[in-house]
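Now for the letters of each chain:
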Amino acid sequence: MSDGAVLHVKGRILVGPEEVRDELWVVGGRVSYDRPAGAGDVRTVEGWALPGLVDAHCHVGLGAEGPVDAATAEKQALTDREAGTLLIRDAGSPSDTRWVDDREDLPKIIRAGRHIARTRRYIRNFAWEIEPEDLVAYVAQEARRGDGWVKLVGDWIDRDLGDLSACWPREAVEAAIAEAHRLGARVTAHCFAESSLHDLVEAGIDCIEHATGLTDDLIPLFAERGVAIVPTLVNIATFPHLAAGGDTKFPRWSAHMRRLHERRYDTVRGAYDAGIPVFVGTDAGGSLAHGLVADEVAELVTAGIPAVDAVSAASWGARAWLGRPGLEEGAPADLVVYEDDPRTDVRVLAAPRRVVLNGLVVD
């Protein structure tokens, strides 16, 4: 559209799970529910409109071997945009992607800095690898570099043990999380295992990624503390393949990974039923493809979460959790238009009709 052009979105505007309007206008890149006076160049888009989707666990600038160049990172971000993801919580990246903020055609990113892991206890070239005595300092560093989040690696395989185990002693994470909160940042952690969760939640963590180790005895603690989970079920689907690769050298770990995979849907449904906040994240980057947000929403429905709540976990609810606006008056016009109502059938999310970012139709 040309400068001064107006976009008219009509049909059904899903402002919230139950709040539906018939039309909105995009003026100067922002949402308005008042018809602009004297609008000349008007483009009309029709359908079911949602706030731009959210991938709350994504890695722009990260590949299987570590950081990638800017051209590859751009392709990652464009792939997410084409899938309707217009807001990303980047859950750890070794690349500096601040240049994305200057691009109005790329999704908005909320960064968690670089992963913080225990020495030789994570994927090579992904994280800062440190020991517990340095955890507070590195958390403070990443809190200052990020956009209000810090990412820890809470557990990983211990090769001496031959299985998953917690990476950090309780006193270290207590001090580190307290420092992040003092600096105004929230803390999340990669956690597959059961053993890492209790101490992290008691220490005041805000979110757990994957959360495959969430058991019935831990669910009340999560619910009481309001700790959110981002299950990344499209990533958990890879556990059987990973387990097969460890059968010979780490049979205990392989069996554990298979058990976590087998109960994944029960774990997520149990969390949802207990009132634990559940949000959509794909774990794109590293070895997983970008653009899988619709697949993850469908996985939440398979786990037993009602369709409207699964959609909210990637739209209204996720945006509120991250402190970013939806389709309220005056908000940046970031929205996706679909053929049908995604609250009725989430498979609709896989086929955006139009993607509008900062008021521009970009698809």
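Quick note: structure is the one above.
## Description of the packing of helix H2 (residues 135-145) against helix H3 (residues 170-182)
Contact pair H2 / H3: the axes reach a minimum separation of 9 Å and the direction vectors enclose 25°. Compared by their axis directions, H2 and H3 come out roughly parallel. Judged by the twist between their axes, the crossing of H2 over H3 is right-handed. Residues Leu 135, Val 136, Val 139, Ala 140 and Arg 144 of H2 lie in contact with H3, whose contacting residues are Ala 172, Val 173, Ala 175, Ala 176, Glu 179, Ala 180 and Arg 182. Residues that form the contact of H2 with H3 fall into these classes: nine nonpolar, no polar and three charged.

## Focus on the sheet that holds strand S20 (residues 360-361)
Reading across from one edge, S3-S2-S1-S4-S18-S19-S20 is the order of the seven strands in this open sheet, with mixed pairing throughout. Every other strand in the sheet has two partners, leaving strand S3 (30-32) and S20 as the edge strands with one partner each. Bridge count for strand S1 (residues 6-14) against strand S2 (residues 20-27) is six bridges, and the pairing is antiparallel. Bridging from a neighbouring strand, Leu 14 pairs with Val 20 of S2.

## A word on a positive patch on the surface
Residues Arg 120, Arg 124, Arg 159 and Lys 249 make up a contiguous surface patch of positive charge. With respect to the helices, strands and loops of the structure, Arg 120 is situated in the loop between strand S9 (116-118) and strand S10 (128-130). Looking at Arg 120, the relative accessible area reads 67%, which means it is exposed.

## Quick notes on the environment of Gly 92
With respect to the secondary-structure elements, Gly 92 resides in the loop between strand S7 (85-90) and strand S8 (108-111). On the accessibility criterion, Gly 92 (0% relative accessible area) is buried. Through-space distance from the C-alpha of Gly 92 to that of His 256 is 25 Å; in sequence the pair is 164 residues apart. The residues contacting Gly 92, other than those within four sequence positions of it, are His 59, Leu 62, Ala 112, Gly 113 and His 115.

Scoring rules and cut-offs
- Residues numbered from 1 in each chain as written.
- Predicted model: local features only at pLDDT ≥ 70, side-chain atom pairs only at ≥ 80, totals over all residues.
- Heavy atoms only, no water.
- Axes fitted to C-alpha atoms, helices over the stretch in contact; angles between N-to-C directions.
- Helix = DSSP H or I, 4+ residues; strand = E, 2+ residues; numbered from the N terminus.
- Parallel < 35°, antiparallel > 145°, perpendicular 65-115°, else oblique.
- Left-handed = near helix turned anticlockwise from the far one by under 90°.
- Contact = heavy atoms within 4.5 Å.
- Nonpolar A, V, L, I, M, F, W, Y, C, P; charged D, E, K, R; others polar.
- Pairing = 2+ DSSP bridges.
- Patch = residues over 30% accessible without salt bridge, like charges linked within 9 Å, V, L, I, M, F, W, Y side chains within 5 Å.
- Areas by Shrake-Rupley, 256 points an atom, 1.4 Å probe, with all protein chains shown as cover.
- Salt bridge = Lys/Arg side-chain N within 4 Å of Asp/Glu carboxyl O.
- Lys, Arg positive; Asp, Glu negative; His and termini not counted.
- Charge placed at Lys NZ, Arg CZ, Asp CG, Glu CD.
- Buried < 20%, exposed > 50% of the residue type's maximum accessible area, 1.4 Å probe, protein only.

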